[in-house]
Amino acid sequence: MKLAIIGYGKMGKTIERIALDRGHEIVNIVEERGANVLKQLSQNGAEVAIEFSQPEAAAENIKACIDQKVKVVSGTTGWLDKMDEVKQYVKQKEGTFFYASNYSIGVNLFFHLNEWMANLMSRYSDYNVKMEEIHHTEKKDAPSGTAITLAEGIVKNHPDIQNWKLFEGDNFPEDSPNNIVPILSKRIDPTPGTHEIIYESDIDEISIKHTAHSRTGFALGAVLVAEWIKDKQGILTMKDFLPL
């Protein structure tokens, strides 16, 4: 398959290595935001673009790909305020767009476990929930897209939880309301990503945790989705790719 890589940081380079190992051809590499380069995607025969750029560039990059009938697999986080706009654009152009806050198969299994646990714990009012996430210091958005997905999964499945709130520092606040998920966001090198959901009562504590050992799982997942999406159309998510 002919692939374009948009965003050539550590993740983009890992995606390139895995894609080449799996026999794909990289026909375009765009550093971050490059409208003129993006216009050449279809000329070079790109079938799918894998987009891991920056929040301020993501929407523009995705639209440029859709304009050229190039399918897009995006994993950029921190730009979701423009998601409805982008989805509408994709629908109007009859394009194909796949978005996930995290492409790791393990993390997506963790998402499912998190939702199941939130539903289970909603029956026990003595437990309050909180979340800690740790990433490397180069990660610009906080909380991470993965943390937001986890928090939204709790809100959706726990009737007593109404929202989430970000906290930065070394410790959770002592006076956090019971109807929110406090998220403690830390940036420590060289951590690729750690997320822990904690349910705590006066008696005990229950937690589930996912720790990424490297970026390989995220990058491999994105390449697998790019292979899968080649024959698909519309707006798709990990729930379409990995039904649970």
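Placed above this text is the structure.
Summary of the structure given here. (Residues numbered from 1 in each chain as written. Predicted model: local features only at pLDDT ≥ 70, side-chain atom pairs only at ≥ 80, totals over all residues. Heavy atoms only, no water.)

1. Here we look at helix α5 (residues 105–121)
Helical geometry: 3.6 residues make up each α-helical turn, so side chains three or four residues apart lie on a common side.
Then, number 1: Between its first and last C-alpha, α5 extends 24 Å over 17 residues, near the 24 Å set by a 1.5 Å rise per residue.
Then, number 2: The set of residues buried in α5 consists of Val107, Asn108, Phe110, Phe111, Asn114, Glu115, Met117, Ala118 and Met121.
Then, number 3: Residues of α5 that are buried sit in contact with α6 (145–157), β9 (194–200), β10 (205–211), α7 (216–229) and α8 (238–241). (Helix = DSSP H or I, 4+ residues; strand = E, 2+ residues; numbered from the N terminus. Expected span 1.5 Å × (residues − 1). Buried < 20%, exposed > 50% of the residue type's maximum accessible area, 1.4 Å probe, protein only. Contact = heavy atoms within 4.5 Å.)

2. Describing the sheet that holds strand β4 (residues 71–74)
Then, number 1: Taking strand neighbours across the sheet as the criterion, the six strands line up as β2-β1-β3-β4-β5-β11 in an open arrangement whose pairing is parallel. Each edge of the open sheet carries a strand with a single partner, namely β2 (25–30) and β11 (234–236). Strand-to-strand twist across the sheet, computed as the mean angle between neighbouring axes with direction ignored, equals 15 degrees.
Then, number 2: With four bridges connecting them, strand β3 (residues 48–51) and β4 associate as parallel partners. Following the sheet pairing, glutamate 51 is matched in β4 by serine 74.
Then, number 3: Strands β1 (2–6), β3, β4 and β5 (96–99) of the sheet are contacted by helix α3 (residues 55–67), whose axis makes an angle of about 155 degrees with β4. (Pairing = 2+ DSSP bridges. Axes fitted to C-alpha atoms, helices over the stretch in contact; angles between N-to-C directions.)

3. Some remarks on the pattern of salt bridges
Then, number 1: Under the criterion given, the structure shown has eight salt bridges.
Then, number 2: For the salt bridge of glutamate 227 with arginine 22, the shortest nitrogen-to-oxygen distance reads 2.7 Å. Note that glutamate 227 is positioned in helix α7 and arginine 22 in the loop between α1 (10–21) and β2, a separation of 205 residues in sequence.
Then, number 3: Glutamate 227 gets classed as partly exposed once you look at its relative accessible area, which sits at 24%. (Salt bridge = Lys/Arg side-chain N within 4 Å of Asp/Glu carboxyl O.)

4. Some thoughts on the sheet that holds strand β8 (residues 180–187)
Then, number 1: If you walk across this open sheet you meet the five strands as β7-β8-β6-β9-β10, and the pairing is mixed. The open sheet is flanked by β7 (163–168) and β10, the only strands paired with a single partner. Strand-to-strand, the axes of this sheet are offset by a mean angle of 20 degrees, without reference to chain direction.
Then, number 2: Direction of pairing for β7 relative to β8: parallel, over a ladder of six bridges. What sits directly across from asparagine 163, in β8, is isoleucine 180.
Then, number 3: Sheet contacts for α5: β9 and β10; angle to β10, the most-contacted strand, approximately 165 degrees.
Then, number 4: On the sheet, α6 packs against β6 (128–135), β7, β8 and β9 and is oriented at approximately 30 degrees with respect to β9.

5. Describing the layout of surface pockets
Then, number 1: Quantified by volume, the largest pocket comes out at close to 810 Å³.
Then, number 2: Residue lining of the largest pocket: 32 residues in total, with Ser101, Thr149, Glu152, Thr237 and Lys239 positioned closest to the centre.
Then, number 3: Of all the secondary structure elements, the ones that give two or more residues to the lining of the largest pocket are α4 (83–93), β5, α5, α6, β11 and α8.
Then, number 4: For the lining of the largest pocket, the element with the most residues is α6, which contributes six residues.
Then, number 5: Across the lining of the largest pocket, the residue classes tally to 15 nonpolar, 10 polar and seven charged.
Then, number 6: Considering only enclosed or pocket space, the second largest pocket measures out at about 700 Å³ in volume. (1 Å grid on protein atoms, 1.4 Å probe; cavity = no way out; pocket = protein on both sides within 12 Å on 5 of 7 lines; lining within 4 Å. Points joined across faces, edges and corners; volume = space filled by probe spheres on them. Nonpolar A, V, L, I, M, F, W, Y, C, P; charged D, E, K, R; others polar.)

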